[in-house]
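# Chains, contacts and geometry: an overview
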Amino acid sequence: MQASHLFDIRETFNRQQILICFNGPFSRSIIEELGNAVRSYMESQSIAKTAILDVFSVFVEQTQNVRNYLADKAASGNGASELDSGTVVIARENERYVVTCGNVVEAADAAGLARRLDALAGLDKAGLRALYKEQMRKPRSETGDSAGLGLIDMARKASAPLEYSVQPLDDRFAFFSLRVAV
């Protein structure tokens, strides 16, 4: 990248009110540092504590989902170089904050995730609360490693329906992104 292009990126960030953007491997320490930076910035702007907690919670859930997915694929021997990093953006949009996170996934995994998100989109706040309680009551063995509580919790915190995008890359991989407005 040429040095002069950095100004263009900066201007884009300012115009779109991007607070933070990260692209690369999501280690536990990077997630923690980025989360602390966002929390500190929001606290300095005198933003309501509940909004700070919701943004922080959604940020952590999304980045940990990516980190865990990539770790699972690496552990299963499917750790292709395409599955080595993610991208997260936190921006201000009018009176809301938007956390968007994405990564390369296996196409079959994207389809399953899309079905789960479509099912959540059809629920109102009461339906999401009931589903969350139902998932909490299920034994761990019945729900596997993830009961989908994180997605449900993000949908509950969101001020608008969760939005996702699946962009096919080839026959095997797609780029999956999830947008949560709080």
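Refer to the structure printed above.
All of the points below concern the structure found in this document. (Residues numbered from 1 in each chain as written. Predicted model: local features only at pLDDT ≥ 70, side-chain atom pairs only at ≥ 80, totals over all residues. Heavy atoms only, no water.)

### Some details on the packing of aromatic side chains
Taken as a whole and judged by the stated rule, the model has two aromatic pairs. On the numbers, 5.9 Å between centres and 35° between planes, the contact of F22 with F26 is tilted. By relative accessible area, which is 6% here, F26 ends up buried. Taking 5.9 Å as the distance between ring centres and 15° as the angle between the ring planes, the aromatic pair formed by Y164 and F176 counts as stacked. With Y164 in strand β4 (residues 163-168) and F176 in strand β5 (residues 173-181), this pair connects stretches of sequence that are twelve residues apart. By relative accessible area, which is 31% here, Y164 ends up partly exposed. Sitting over the face of the ring of Y132, R156 holds its NZ or CZ atom 4.7 Å from the ring centroid. (Phe/Tyr/Trp six-rings, centres within 6.5 Å; stacked < 30°, edge-to-face > 60°. Buried < 20%, exposed > 50% of the residue type's maximum accessible area, 1.4 Å probe, protein only. Helix = DSSP H or I, 4+ residues; strand = E, 2+ residues; numbered from the N terminus. Lys NZ or Arg CZ within 6 Å of the ring centre and 35° of its normal.)

### Examining a nonpolar patch on the surface
The grouping of M1, L6 and I9 at the surface amounts to a nonpolar patch, some 330 Å² of accessible area in total. Tracing the backbone shows L6 in helix α1 (residues 3-15). (Patch = residues over 30% accessible without salt bridge, like charges linked within 9 Å, V, L, I, M, F, W, Y side chains within 5 Å. Areas by Shrake-Rupley, 256 points an atom, 1.4 Å probe, with all protein chains shown as cover. Salt bridge = Lys/Arg side-chain N within 4 Å of Asp/Glu carboxyl O.)

### As for the nonpolar core
Core analysis: the largest hydrophobic core is formed by 39 residues, its most contacted members being V55, F59, L178 and V180. Listing elements by their share of this core, those giving two or more residues are β1 (18-24), α2 (28-44), α3 (49-75), β2 (86-93), β3 (96-106), α4 (107-121), α7 (149-157) and β5. Looking at which element gives the most residues to this core, the answer is α3, with eight residues. Once you skip the residues sitting within four places of it in the chain, F59 turns out to touch I31, L34, G35, V88, I90 and V99. (Core = buried A, V, L, I, M, F, W, Y, C linked by side-chain atoms within 4.5 Å. Contact = heavy atoms within 4.5 Å.)

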